[in-house]
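If you want the building blocks of each chain, they are given just below.
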Amino acid sequence: MSQEPTVFVVDDDEAVRKALKLLVESAGMRVETFASADAFLAQYDPNRPGCLVLDIRMPGMSGLTLQDQLIARRINIPLIMITGHGDVAMAVGAVKKGAIDFIQKPFDDQTLLDRIQQALRIDAQRREEQARRSEFESRLARLTPREREVLDLLISGKGNKEVALELGLSRKTVDIHRAHVMMKLGVDSLLEIARAGYMSDSSKTS
Amino acid sequence: MSKSTLLAIDDSPDNLFLLEELIETYLPECELVTARSAQEGLALASSRPFDGAIIDVQLPGMDGLEVCRRLKAQPQTERLPVILITAKGSTPRLRAEGLVAGADHFISRPMDNEELVAKIRVMLRLKQVEKGLSSARAELEAHVQARTAELEAANRKLNEEIAERRRTEAALQQALEHARRRAAETAALLAGVRAVMEERTFEAAARAIFTACKELLGATAGYVSVASADGKTSEIAFMDSGTDACNVDPNAPMPIRGLRARAFETGRVVYENDFPHSQWADLLPPGHSPLENVLFAPLIVDGRVVGLLGVSNKPGGFTDDDARMAAAFGEFASIALCNSRTLHSLETSEKRFRSVVETASDAILYIDQTGSIVFCNRASSRIFGYACEEMVGRPLTLLMPERYREAHHAGFKRFLETRRSRLFDQTIELVGLRKDGSEFPMELSVATWETDATCYFTGIIRDVSSRKQAEHRLHRSERELAVRNQIADAFLTSGGDEVFDRVLRIVLDALDSRHGVFGYIDEAGNLVAPSMTEEVFAECRMERKTAVFPPDTWGDSIWGRAISEKRVLYSNQPFKVPPGHIAMDREISSPIIYQDRVIGLLNVANKPSDYDENDVALLRAICHHIAPILHARLHRDRNERQRQQAEEALRRAHQELEDRVRERTAELTAANDQLQVQVAERQRAEEALRETNALLERVFETTQVSLAYIDTNFRFLRVNRAYAEHDQRSPDFFPGKNHFDLYPNTENEAIFRRVVQTGEPVEFYGKPFTYASNPERGVSYWDWSLLPVKNAAGQVEGLLLCLVDVTQREVAERRARQHQAELAHVSRLSTMNEMGSAIAHELNQPLCAILTSAQASLRLLKSAGNADPLVLEAIEQVVAQSKRAGDIIRHLREFSRRRPFHRSTIHMEEVIREAAGFVAAEARPHNVAIHLKVADNLPPVLGDTIQLEQVLVNLMRNGIEAMENTEESRRRLDIEVSMPEPDKVEVAIRDTGRGLPEGDRERIFEPFFSTKAEGMGIGLAISRSIIEFHGGWLWATPAPDGGAVFRFVLPAGRSTGTES
């Protein structure tokens, strides 16, 4: 699986597809084209970074329907809609549902490329965010139950001594547990843990 | 000094607490870490180094023994000292188990604090000692590693040096080998050259060359072969079969095939190092000695391969170097071959020459520059009669007649001085002198050739006496044949007496004579001479000149005697002639005899030289030849004449009779016909007249077509009922009145006049007509025709006017046409709308593709960096125009889109101010001053605010753009709203710009007409359409001081304006 982002283009008109492929490649980006929304869905692997440039009006599954499908499958790829003749209302609806932007044919090359760059940036950001979150969760899983207990109490604001008392452990023990937690989670302070969206068990149930 | 850390595993918090206190008090150098379960404890123990562990045996789940076992089993914790705390009443068995599990100490409950502390101290001390040991070991290991690395480096370096030295040695060895080889090659090449220079025969040279080559290459066997002329086989010139016995016959010609054929084809050295396994192996003839490897070098003469030098069985195989050397030897062999061939051909040449010279039938002599004969061949002695030895050393003049010797010496001398002569490159006729003194005609060809110091002459002489005689005979018979042909031709192509003239001329010409007579004997026996030459007739001064000579006048003349004696007579002496007769110096007379009768005479005279036997023979032959022809001719002429006369008489008689008969018949017939015709005519005329009259009357009166018969002055003669009724009059009203008095019309009068003049009828369809004197009758439409009526002489004596009133038809048609046009217009508009939409939609797709592709191309070209600027420019144009096309399409859609019409009451002033506000942003940078003038009490208008604003903005923008090139101080836009009529509001926008384009002002309102390079030209068309929609009109006029004024009028606010 290549890590270079790909611009996916879906349009039923062959000439437009070819032209877009040429344009995007000329700007130095990878591009794959599909003649229908079905073809795209069949082949798309959600792990591939990139963005989607999509014609609203197509025979078979329309651009909007595809958007719904992607939302249903929780595929978060950024969308740019291309509209032909006065489908502004539809395009606005698409944007409300999460499309990055829409652009009318015939469009200016720079405008489209800017949008694409923007979409790719958004996609990269989302993925990074996602990766960071998974990373964090996997690290959390590595904590022992005791470490988890200590963390919960510490996060809720209790000091080491309090925690030691509550858990019936020596203060040193708590120190050590705390150090282990920081190391395993790869953070320098409890604040970072809190920022990563960590919710202690106690607060989860509240 | 850092603190030691101890791990305590106990599920009772109280125990742990106590322990903690204990350590704090008695072991301040220690820190305690606690775990409340076996798992927790194990996890902690693995996560960091501890100096000791205190484990309660009784733990829930996994007990302390197991924990201890586990700790000792893991590498990180195996050295961890463990104190097990056992419960009250623990057995020695348990201790034993504990020891087995790896525990170092035991304490049982209730714990004695001092004991515990002491045991802990012991544990710690042991730990320290251990630490010291491990650090010492680590140091040692590091040291060893360093030393090892040093040794390895030194070893590597040593190996490198050895390798370097080895390389140098090898190079030296190679150089030495190379030099040795060079010396061997040079020696071998020298041997080859020597062979070429010294050996006389090719076989010897080939042997020497081959041997040198074989020894140099290290082969053991081989041969040299030369190909046959057809190139299919080759013969061995020299063979060395080495040490192996070869049973193949060396003298048999070898077919050229296999690897040898390859050498022949390519003209290059070929070799095969694994012969037994190669494709050529099968071609080896049986009995051939074994061939391990073989090499062939071609012998090339004049670019063709003519032989091969082959070597074989070199131990180790042949190399490209070998091939190179072999090629050189091949060349030596080629040169040797060439040389031997040259020598051979030289010898052959000489022999050939000798045989030619001796067997020639012409005399061949060589003369030196003193003029003496140095060589003569056998033929020379035959022709001249001398023996060769008698001629050699004697001067050439011996062989020529005395009279030529002077000229010869002069010419010879001239040549030696100037090196030029007229003798060379020609064959000259001369006379030769034989030994016996006789002369003979000869032909001579001379050439000259030089050696270093001297020059020689070669003469070739042919005795042509016999030839000359033959020529003479041939010439004579040719002459005779020519004359006969000419005469035959004359007889064939001439008629009447002309033939005699022609034949005579031919004969005179052949016999080179000035005068002559060619005549025939007629029925009366007279000699008729139609051919006497004109001069004779003219010159002859005899009184009685005649062309007819009766026999009694023949007398004693030579020609008379020739006729009567029936033989040819001639004389070269002058004749006695009657006075006045032309002088006759020489004459031949020959009778022309046919079937033993004399039928004619041929006489020639006055040849400049004497007549000889040849001439007489010729004339005799000619007469012989002419005789039958002349006879036939005379006979024919005679017959012909008679026949013609008889025919003539008969024809005349016949003709007379016929003429007379015809005359009579004609007279009678004519008379009869005339009578009949007259009668019939009379009857027909009467009948026709009756019928015509009746018909005319009927037609004239009943037809619906208005008919009027008028004279050439346009006065009515008669009109029919229909005509009269149309004007509600009676037919009697019209006769005598002038048509144009009643219906004045200058155009029609001219038409009528033209018809009278030309006599040609005219027709009109749907021509409009107004009654000049009764304009209230309006316009009527007529189909009418005017026919001229001609009299018997063809002159126009009257006009017939036919009219049909087609007003209703015309009006109806016009209305229908108009309706159709409107309908078409409307449907076109809506179709256009629809089509426009569809087209626009369809166009967008490809347009998008075009624009995007062009923009992509531009990017690619720019990023490559070396694009041709013209190409870039071209593609930029594509981009710009595509964008423009897109704009046009968009505008088109707007143009055709039916926008909803929001009707409201509008005050123009407000709308104008708003529009001016929009435009201000553009006006300001251009420094255009906008002035507004509104009349008082303006009524509002009904309409769509937005659309009217659009119009105003468009017009104002146009104005501003038009003033682009106007001087800044003069730029102003004047907007004036006024009320030209009670319910009309007019808006005028004037600019001081470049004004309207030349020509039709309406053009600017057409869609797609634009004076701006990037304009689309839609604005004004749309504006006009909007104004029209509002029930108004938009137009433009030039402004008085340059610039343009755009005006539109709208109806004031009432219920006017088209519904949307």
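In what follows, the structure referred to is the one given above.
Residues numbered from 1 in each chain as written. Chains lettered and ligands numbered in written order. Predicted model: local features only at pLDDT ≥ 70, side-chain atom pairs only at ≥ 80, totals over all residues. Heavy atoms only, no water.

Visitor: Would you explain the overall build of chain B in this entry?
Guide: Within chain B one finds 24 helices and 34 strands. Scored against the burial criterion, the 1060 residues of chain B give a buried share of 36%. Counting only contacts in chain B whose residues sit at least 6 apart along the sequence, the fraction spanning at least 24 positions is 56%. Only carbon and sulfur atoms are counted for the fraction: they give 53% of the accessible area of chain B, which is about 63,500 Å². (Helix = DSSP H or I, 4+ residues; strand = E, 2+ residues; numbered from the N terminus. Buried < 20%, exposed > 50% of the residue type's maximum accessible area, 1.4 Å probe, protein only. Contact = heavy atoms within 4.5 Å. Areas by Shrake-Rupley, 256 points an atom, 1.4 Å probe, with all protein chains shown as cover.)

Visitor: Explain the side chain of S1023(B) here, please?
Guide: Within the element layout of this structure, S1023(B) appears in helix α24 (residues 1019-1029). Excluding anything up to four places from it in sequence, S1023(B) contacts V951(B), N954(B) and L1034(B).

Visitor: What should I look at first to understand the side chain of T6(A) in this one?
Guide: Residues and elements named next belong to chain A. Along the chain, T6 turns up in strand β1 (residues 6-10). The exposure class assigned to T6 is buried, which follows from its relative accessible area of 0%. Within the structure, the side chain of T6 is placed 3.4 Å from the side chain of R48, a separation counted as a polar contact. In this structure T6 touches R30, V31, E32, R48, P49, G50, C51 and L120, once residues within four positions along its chain are discounted. (Polar contact = N/O pair within 3.5 Å; in protein donor to acceptor, adjacent residues only side chain to side chain.)

Visitor: Help me understand the packing of aromatic side chains in this model?
Guide: The relative placement of two aromatic rings is captured by the distance of their centres and the angle of their planes. All names here are of chain B. A full pass over the atoms with the stated rule returns 23 aromatic pairs over all chains. Relative to F296, the ring of Y223 lies with its centre 6.4 Å away and its plane at 55 degrees, an arrangement referred to as tilted. In this pair, Y223 sits in strand β6 (residues 221-227) while F296 sits in strand β10 (residues 294-301), placing the two residues 73 residues apart along the sequence. An identical accessibility class is assigned to Y223 and F296; each is buried. For the ring pair F500 and F518, a centre distance of 5.0 Å and an interplane angle of 50 degrees mean the geometry is tilted. Separated by 18 residues along the polypeptide, F500 in helix α13 (residues 498-510) and F518 in strand β17 (residues 515-521) bring together distant segments of the chain. Of the two residues examined, F500 and F518, each falls in the buried class. Among the aromatic residues, ring-to-ring pairing joins F714, F740, F752, F764 and W784 into one connected group. Lying over the aromatic face of F733, R729 brings its terminal NZ or CZ to 4.2 Å of the ring centre. Across the ring face of F764, the terminal group of K767 is positioned such that the distance to the ring centre comes to 5.3 Å. (Phe/Tyr/Trp six-rings, centres within 6.5 Å; stacked < 30°, edge-to-face > 60°. Lys NZ or Arg CZ within 6 Å of the ring centre and 35° of its normal.)

Visitor: What exactly am I supposed to notice about the interface of chain B and chain A here?
Guide: Buried accessible area, meaning the area lost when the parts come together, often serves as the stated size of an interface. The interface is formed by 33 residues belonging to chain B together with 30 residues belonging to chain A. Of the roughly 2,600 Å² buried between chain B and chain A on both sides combined, carbon and sulfur atoms contribute 59%. If you look at where chain B meets chain A, you find four salt bridges. Among the salt bridges present, the one from E31(B) reaches K172(A), with a minimum N-O distance of 2.8 Å. Taken together, the links from chain B to chain A amount to 13 residue pairs in polar contact (both at pLDDT 80 or more). Ranked by residues supplied to the side of chain B that touches chain A, first place goes to helix α20 (residues 807-864) of chain B with 14 residues. The residue inventory of the side of chain B that touches chain A, partitioned by class, reads 14 nonpolar, eleven polar and eight charged. (Buried area = accessible area lost by both parts, 1.4 Å probe. Salt bridge = Lys/Arg side-chain N within 4 Å of Asp/Glu carboxyl O. Nonpolar A, V, L, I, M, F, W, Y, C, P; charged D, E, K, R; others polar.)

Visitor: Sorry if this is basic, but what is going on with the packing of helix α6 (residues 145-155) of chain A against helix α7 (residues 160-167) of chain A here?
Guide: Two quantities define a packed helix pair, namely the angle between the helix axes and the distance between the axes. Residue and element names in this part refer to chain A. Following both chains from N to C, one finds α6 and α7 inclined at 130 degrees, their axes separated by 10 Å at the closest point. Regarding the angle of α6 to α7, the classification is oblique. For the element pair α6 and α7, the recorded crossing hand is right-handed. Of the residues in α7, those in contact with R146, E149, V150, L153 and L154 of α6 are N160, V163, E166 and L167. Residues of the contact of α6 with α7, tallied by class, amount to five nonpolar, one polar and three charged. (Axes fitted to C-alpha atoms, helices over the stretch in contact; angles between N-to-C directions. Parallel < 35°, antiparallel > 145°, perpendicular 65-115°, else oblique. Left-handed = near helix turned anticlockwise from the far one by under 90°.)

Visitor: Hey, could you run me through the pairing of strand β27 (residues 796-805) of chain B in this one?
Guide: Consecutive residues of a regular strand have side chains that alternate between opposite faces of the sheet. All names here are of chain B. Both strand β23 (residues 706-711) and β27 contribute to a ladder of six bridges, which runs antiparallel. What sits directly across from L707, in β27, is C802. In the sheet, strand β26 (residues 779-790) pairs with β27 via nine bridges, with the strands oriented antiparallel. Bridging across to β27, L786 finds its partner in L801. In this antiparallel pair of consecutive strands, β26 and β27, the connection spans five residues, and G794 shows a positive phi of 90 degrees. (Pairing = 2+ DSSP bridges.)

Visitor: For this particular structure, what's the right way to read the packing of helix α5 (residues 109-141) of chain A against helix α8 (residues 171-185) of chain A?
Guide: All names here are of chain A. The interhelical angle for the contact between α5 and α8, taken along N-to-C directions, is 145 degrees, at an axis separation of 9 Å. Relative to α8, the crossing made by α5 is right-handed. In this structure, α5 uses F136, R139 and L140 to contact α8, whose residues at the interface are M183, K184 and L185. Here the contact of α5 with α8 is composed, by residue class, of four nonpolar, no polar and two charged.

Visitor: Would you mind going over unusual backbone geometry with me for this structure?
Guide: Both trends apply: most residues other than glycine have a negative phi, and most peptide bonds are in trans. The peptide bond linking K105(A) to P106(A) adopts the cis configuration, its omega dihedral lying at -15 degrees. Structurally, P106(A) can be placed in the loop between β5 (101-104) and α5. Here the amide bond leading from R109(B) into P110(B) is cis, since omega sits at -5 degrees, within 30 degrees of zero. The backbone phi angle of N313(B) is positive, close to 55 degrees, even though this residue is not glycine. Relative accessible area serves as the criterion here: at 12%, N313(B) is assigned to the buried category. Although it is not a glycine, N606(B) adopts a positive phi angle of roughly 65 degrees. For N606(B), the location among the structural elements is in the loop between β22 (597-605) and α16 (613-702).

Visitor: What am I meant to see in the sheet that holds strand β29 (residues 929-934) of chain B here?
Guide: Note on sheets: strands pair through backbone hydrogen bonds, and any given pair is parallel or antiparallel. Residues and elements named next belong to chain B. With respect to topology, five strands assemble into an open sheet ordered β29-β31-β32-β34-β33, the strand pairing being mixed. Every other strand in the sheet has two partners, leaving β29 and β33 (1033-1038) as the edge strands with one partner each. The mean inter-strand angle of the sheet, taken between neighbouring strand axes irrespective of direction, is 20 degrees. For β29 and strand β31 (residues 972-981), the ladder comprises six bridges, and the chain directions are parallel. Note that in β31 the partner of I930 across the bridge is L973. Across the sheet, helix α22 (residues 908-923) is in contact with β29, β31, β32 (984-991) and β34 (1044-1051); its angle to β29 comes to roughly 175 degrees. Set on the sheet, α24 makes contact with β33 and β34; between it and β33 the angle comes to about 130 degrees.

Visitor: Whenever I open this one, the sheet that holds strand β15 (residues 439-450) of chain B confuses me. Can you help?
Guide: Residues and elements named next belong to chain B. Ordered in space as β13-β12-β16-β15-β14, the five strands form an open sheet in which the pairing is antiparallel. Across the chains shown, the open sheet's two edge strands, defined by having one partner strand only, are β13 (373-376) and β14 (427-433). If you compare each strand with its neighbour and ignore which way they point, the axes differ by 35 degrees on average. Relative to β15, β14 runs antiparallel, the two sharing seven bridges. In the strand pairing of β15, G432 is matched with F440. Here helix α12 (residues 465-493) sits on the sheet in contact with β14, β15 and β16 (455-463), set at roughly 120 degrees to β15.

Don't take any of this as a statement about function, it's just geometry.
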